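# Results of the structural survey
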Amino acid sequence: MVDYVADYLEEIEKRQVFPGVEPGYLRPLIADCAPQDPESFEDVFKDIEKIIMPGVTHWHSPYFFAYFPAASSFPALLADMLCGGIGCVGFSWAASPACTELETVMLDWLGKMVNLPEEFLAGKDGQGGGVIQGSASEATLIALLAARTKTIRQVQSEKPELTETEIMGRLVAYASDQAHSSVERAALIGAVKIKSVPSDDTFSVCGSALRKVLDEDKAAGLIPFFFCATLGTTPCCSFDKLLELGPICNKENIWMHIDAAYAGSAFICPEFRHLLNGVEFADSFNFNPHKWLLVNFDCSAMWVKKRSDLIGAFKLEPLYLQHHHQESGLVTDYRHWQIPLGRRFRSLKLWFVLRMYGVKGLQEHIRKVTGNCLLGYPVVGRQGEMSWLPTCSPWLLCTSQSTGNILKGAARLPHVRIVNTKLMIKPVGGGLDKHIRLSHQFEHLVLQDERFEICAEVVLGLVCFRLKGSNELNEALLKSINDAKKIHLVPCHLREKFVLRFAICSRTVESTHIKFAWQHISQLATDLLKTWEQNHHQQ
C-alpha cells in the first residue's frame, strides 16, 4: 500500500483530473451487503483501481485548479500512519498525555512562525493557546458559540430582567458579503441573526461599512456580538481591513474572529506578514495548514486570546471523563475546546512536517527565490538595488540609476509600475511562493488576450478571470472546460458577474502546466466564441 500511494502521487499527472463517472456508478460494482467470510487483501487491493479510482477527483494533480490547495507531503502521510497505528482518542490529557501536550506545543510553534501576539500562545502559563480543529468551518462555529455564551452572560449580569431567550433574539453576528458560506451556517447552527457587511471596490470590508451597520442595528435595539473578518476570501482572495475593523470591535465589545483559512500559511514569510497586521485586536484566529503548508487534511489551526472563553462555553464534567490532574492548572483538556468529544493525534503531522522541512524549508515552499526577473525576462539592465515597500508588499522599489534599461514594453506589463519616475516591480520569477509566481504567470497570460479580463487583484495563488461578455458566455466556457476534463476549475460570483477561479493547488504544478492550461482555455474560448457568433448571425 505504501508503494501504491507513492506510485499514485508520482504518476498522478497521467490520470484524468476529473472523473468521467455518472452519479450512482459505484453501487453496481460492489455487493449488496458485506461478505460473510473474510476476503484477501489482494482481492481488496485490486478493486482500488477497478472501483475507487474511476470515481476519484485528483486534488493533487497539477491540472487541478479548483477550490483551494489541499496540502500533502510524505512526512505528513507518515505521521498519519503513526496516528492510525497508535489509535488513541485524545479527548483529555489523561486519555493520552502526549496527544494533548504535543498539540499545545505545536500550536505555539506555528503561532510563533506567523508572529502571533504573545497573548495567543499557551506558553508555560499563558491565558491563550491553540487547538487543532477539523476545518475552518468548525473554528468559526466554535468562536461564534463562545462569543454567544460570553455575551449572554455579560448582558444578563447587566440586565438581569432579560431572559436568555430574549437576549438570543436580539443577538446579531456580522461578516463580509464575500465571507465563506460556513460563517452563515455557523449562525444558523447557533440560532442567531447574521448580516452581511458590504465590501468595497476591492471586495474588502472597511471600518466605515461595519460602523454604519452597527449603528443601525444598535438603534433598533439589537445586540452586535460577533464579527468574522476574512483574510483571503474564497471568491477572490480579498483581505478585510483589520486595522480599521479591530478597534471598532474592541470598542463595541464584539468578538472578532479572523478566518485566514487559505492565506494564513503565507504569513510565515515576513514579506506577507503585513497582511495579518491588526490580529492584535482579534479574540480568535484560524488558518488551515492543510491547505498550503504541506500538512494533509485535516489540520485547521485555531488560537484564542483567552482559553477561558472556550472552556466556559463548552465545559461539562461527567464522572467517567474526570481525572485527578484536571483542576491542577497544569494540563489542557481539549474536549472543552471543540464540538466533538474524541480527537485524533493530528499534531503528529505538524511535528513531522515542521521538523523535516524546518521553517526555512516551508518558507522556501512559499517563496522559492530564483532572482529578480519578470516571467523569465530581465527587467533591469544591470543589478539594481531592491527594497521591500512595507505598505504595499509584495512590490519592490528599484532605486538604481540603471532602471532606464528596461526591456521594451515591460512597463506595460501588470507587474511593473512607474511611480514618480521610479520603477516598482512585482518579482514574479523570484521573491514569491512558487504558487504565487505561477498565479502571476497565469495572470499575465490572461492580460495578453484582449478577449479576457482580470476581475480582482492577484495577491496570492488565485486568479479570477472571465471572458468579456455575458454571464451566460462565461458559464458556457466553464462548462466546456470541465466537460473536457483536462483541467478542473470552479466559478464564483463577484457582484453580479459570473467569474472563473484559477487556483494554483498542486505541490507539483509547474510553469508547463500553467501554459498548457491557458492554451487549453484559450482554444476552448476561440471555439465557443465562433459558435456564439454563428448562432447570433442565424438569429
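Residues numbered from 1 in each chain as written. Predicted model: local features only at pLDDT ≥ 70, side-chain atom pairs only at ≥ 80, totals over all residues. Heavy atoms only, no water.

Rules: UniProt positions are given in the numbering used here, feature names are shortened, and annotations may be inferred rather than shown by experiment.
Looking at an unreviewed UniProt entry, one finds the protein chain named Aromatic-L-amino-acid decarboxylase, with Chloebia gouldiae as its source organism. In its Pathway (unreviewed entry) section, UniProt records this for the protein chain: "Catecholamine biosynthesis; dopamine biosynthesis; dopamine from L-tyrosine: step 2/2." Word for word, the UniProt comment on the protein chain under Cofactor (unreviewed entry) is "pyridoxal 5'-phosphate".

## Side note on the overall build of the protein chain
Selection criterion: Segments assigned H or I by DSSP are reported as helices when at least four residues long, segments assigned E as strands when at least two residues long, and all are numbered from the N terminus. Each residue is assigned to one of three classes by its accessible area relative to the maximum for its type, calculated with a 1.4 Å probe on protein chains only: buried under 20%, partly exposed between the two thresholds, exposed over 50%. Whether two residues are in contact is decided by their heavy atoms, any of which lying within 4.5 Å being enough. Computed with the Shrake-Rupley method and a 1.4 Å probe, the accessible areas treat only the protein chains shown as cover for residues.
In terms of regular secondary structure, the protein chain is built from 16 helices and 15 strands. The burial tally for the protein chain puts 53% of its 539 residues in the buried class. In the protein chain, of all internal contacts separated by at least 6 residues, the share reaching a separation of at least 24 is 71%. Roughly 25,300 Å² of accessible area belongs to the protein chain as shown, and the carbon and sulfur atoms make up 55% of that amount.

## Section: the nonpolar core
Across soluble globular proteins, you tend to see nonpolar side chains buried next to one another. Test applied: We define the nonpolar core as a collection of buried residues of types Ala, Val, Leu, Ile, Met, Phe, Trp, Tyr and Cys that are connected through side-chain atoms lying within 4.5 Å of one another.
With 114 residues, the main nonpolar core has F227, L460 and F502 as its most contacted residues. Beyond its immediate sequence surroundings of up to four residues, F502 is in contact with F65, F442, G461, L462, V463, F465, L489, I514, A517 and I521. In this structure, L141, V192, F314 and Y334 belong to the second largest nonpolar core, which totals 33 residues.

## Description of the sheet that holds strand β6 (residues 284-287)
The line we're drawing: Any two strands with at least two DSSP-identified bridges between them are counted as paired. Lines fitted to the C-alpha atoms define the axes, with helices restricted to the stretch that makes contact. Angles between their N-to-C directions range from 0 to 180 degrees.
Spatial ordering of the open sheet is given by β1-β7-β6-β5-β4-β2-β3, a layout of 7 strands whose pairing is mixed. Where the open sheet ends on each side, the last strands, each with one partner, are β1 (129-133) and β3 (193-197). If you compare each strand with its neighbour and ignore which way they point, the axes differ by 20° on average. Packed onto the sheet, helix α4 (residues 97-113) meets β1, β6 and β7 (300-304) and runs at close to 85° relative to β7.

## Quick notes on the packing of aromatic side chains
Operational definition: Here the aromatic set is Phe, Tyr and Trp, taking the six-membered ring for Trp, and pairing holds for ring centres within 6.5 Å; pairs whose planes are under 30 degrees apart are stacked, those over 60 apart are edge-to-face, and all others are tilted.
The tally for this structure, following the rule as stated, stands at 19 aromatic pairs. Centre to centre, the rings of F64 and Y67 are 6.2 Å apart; their planes meet at 35°, and the pair counts as tilted. Using a relative accessible area of 40% as the deciding quantity, one classes Y67 as partly exposed. An aromatic cluster is present here, built from F65, F442, F452, F465, F502 and W518 joined pairwise through their rings.

## Section: the sheet that holds strand β13 (residues 462-467)
With antiparallel pairing, the 4 strands of this open sheet are ordered in space as β12-β13-β15-β14. On the outer flanks of this sheet lie β12 (452-454) and β14 (490-494), each paired with one strand and no other. The average undirected angle you get between the axes of adjacent strands in this sheet is 40°. Where β13 and strand β15 (residues 497-503) come together, 4 bridges link them in antiparallel fashion. Directly across from L462, in β15, lies its bridge partner A503. Relative to β15, helix α15 (residues 471-484) is tilted by about 30°, and along the sheet it contacts β12, β13, β14 and β15.

## Description of a nonpolar patch on the surface
The line we're drawing: Every patch collects residues that have over 30% relative accessible area and no salt bridge, joining them within 9 Å if they carry like charges and within 5 Å if they are nonpolar side chains (Val, Leu, Ile, Met, Phe, Trp, Tyr). Here, a salt bridge means any side-chain nitrogen of Lys or Arg that lies within 4 Å of a carboxyl oxygen of Asp or Glu.
Taken together, the side chains of M1, V5 and F41 make up a nonpolar region of the molecular surface, amounting to roughly 280 Å² of accessible area. Its location among the elements puts V5 in helix α1 (residues 2-10).

## A word on the environment of N277
For the record, the criterion: Counted as a polar contact is a pair of N or O atoms within 3.5 Å, where, for protein atoms, one must be capable of donating a hydrogen and the other of accepting one, and residues adjacent in sequence contribute only when both atoms are in side chains.
One can find N277 in the loop between α10 (270-273) and β6. In this structure N277 comes out as partly exposed when scored by relative accessible area, which is 35%. On a C-alpha basis, the gap between N277 and L116 in space is 9.7 Å, while along the polypeptide they are 161 residues apart. Beyond its immediate sequence surroundings of up to four residues, N277 is in contact with L242 and L243. A distance of 3.2 Å separates polar atoms of two side chains, one belonging to N277 and the other to R273.

## Focus: the packing of helix α5 (residues 136-158) against helix α12 (residues 307-314)
For any two helices packed against each other, one specifies the inter-axial angle together with the distance between the axes. Rules: Should an angle fall under 35 degrees it is called roughly parallel, over 145 degrees roughly antiparallel, and 65 to 115 degrees roughly perpendicular, with every other angle called oblique. Side-chain classes are defined by residue name, with Ala, Val, Leu, Ile, Met, Phe, Trp, Tyr, Cys and Pro counting as nonpolar, Asp, Glu, Lys and Arg as charged, and the others, Gly among them, as polar.
Between α5 and α12, the shortest axis-to-axis distance is 9 Å and the interhelical angle comes to 80°. One way to sum up the angle between α5 and α12 is to call them roughly perpendicular. Only D309, L310, G312, A313 and F314 of α12 make contact with α5, whose side of the interface consists of I142, L145, A146, T149, K150 and R153. Here the residues of the contact of α5 with α12 sort into 6 nonpolar, 2 polar and 3 charged.

## Examining the state of the cysteines
What makes a disulfide is a covalent bond joining the sulfur atoms belonging to two cysteines. Convention followed: Two cysteine sulfurs form what is called a disulfide whenever their separation falls within 2.5 Å.
Applying the stated criterion to the full structure yields 0 disulfides. With no disulfide of its own, C83 lies 6.5 Å from the sulfur of C88, the closest cysteine sulfur. Distance from the sulfur of C88, which forms no disulfide, to the nearest cysteine sulfur (C99) is 4.2 Å.

## Some thoughts on α1
So the rule is basically this: Each C-beta atom gives one direction from the helix axis, and the arc is the one those directions make.
Turning to α1, its buried residues number three or more, namely Y4, Y8 and L9. Each buried residue of α1 sits inside an arc of 125° when the element is viewed along its axis, so together they form one side. Opposite the packed face of α1, turned more than 90 degrees from it, sit the exposed residues V2, D3 and E10. On its buried face, α1 sits against α2 (41-52) and α3 (74-86).

## Notes on the UniProt feature "modified residue: N6-(pyridoxal phosphate)lysine" (unreviewed entry) in the protein chain
UniProt records the feature "modified residue: N6-(pyridoxal phosphate)lysine" (unreviewed entry) for K291 in the present numbering. Examined against the element boundaries, K291 turns out to sit in helix α11 (residues 289-292).

## Some words on the pairing of β7
Burial runs high along β7: 5 of the 5 residues are buried. Taking every second residue as pointing to the same face, both faces of β7 are buried, with S300, M302 and V304 on one and A301 and W303 on the other. Looking at chain direction, β1 and β7 are connected through 5 bridges and run antiparallel. Within β7, the residue paired with G130 across the bridge is W303. Bridge count between β6 and β7: 4 bridges; the pairing is antiparallel. Bridging from a neighbouring strand, S284 pairs with V304 of β7.

## Some details on α4
Basically, it comes down to this: By this rule, a helix spans an expected 1.5 Å times one less than how many residues it contains.
Compared with the 24 Å implied by 1.5 Å per residue over 17 residues, the 24 Å span of α4 between its first and last C-alpha is a close match. For α4, every residue scored as buried is listed here: C99, T100, L102, E103, T104, M106, L107, D108, L110, G111 and M113. Looking one or two residues beyond α4, the residue adopting positive phi is N115, at roughly 60°.

## What about the environment of R170?
Position of R170 relative to the elements: it lies in the loop between α6 (164-168) and β2 (171-176). With relative accessibility at 27%, the residue R170 sits in the partly exposed group. Along the primary structure R170 and P224 are separated by 54 residues, whereas in three dimensions their C-alpha atoms are 8.2 Å apart. Ignoring anything within four residues of it in the chain, the contact list for R170 reads K159, L162, K193, G221, L222 and I223. Reaching out from R170, the side chain makes a polar contact with the backbone oxygen of G221 at a distance of 2.9 Å.

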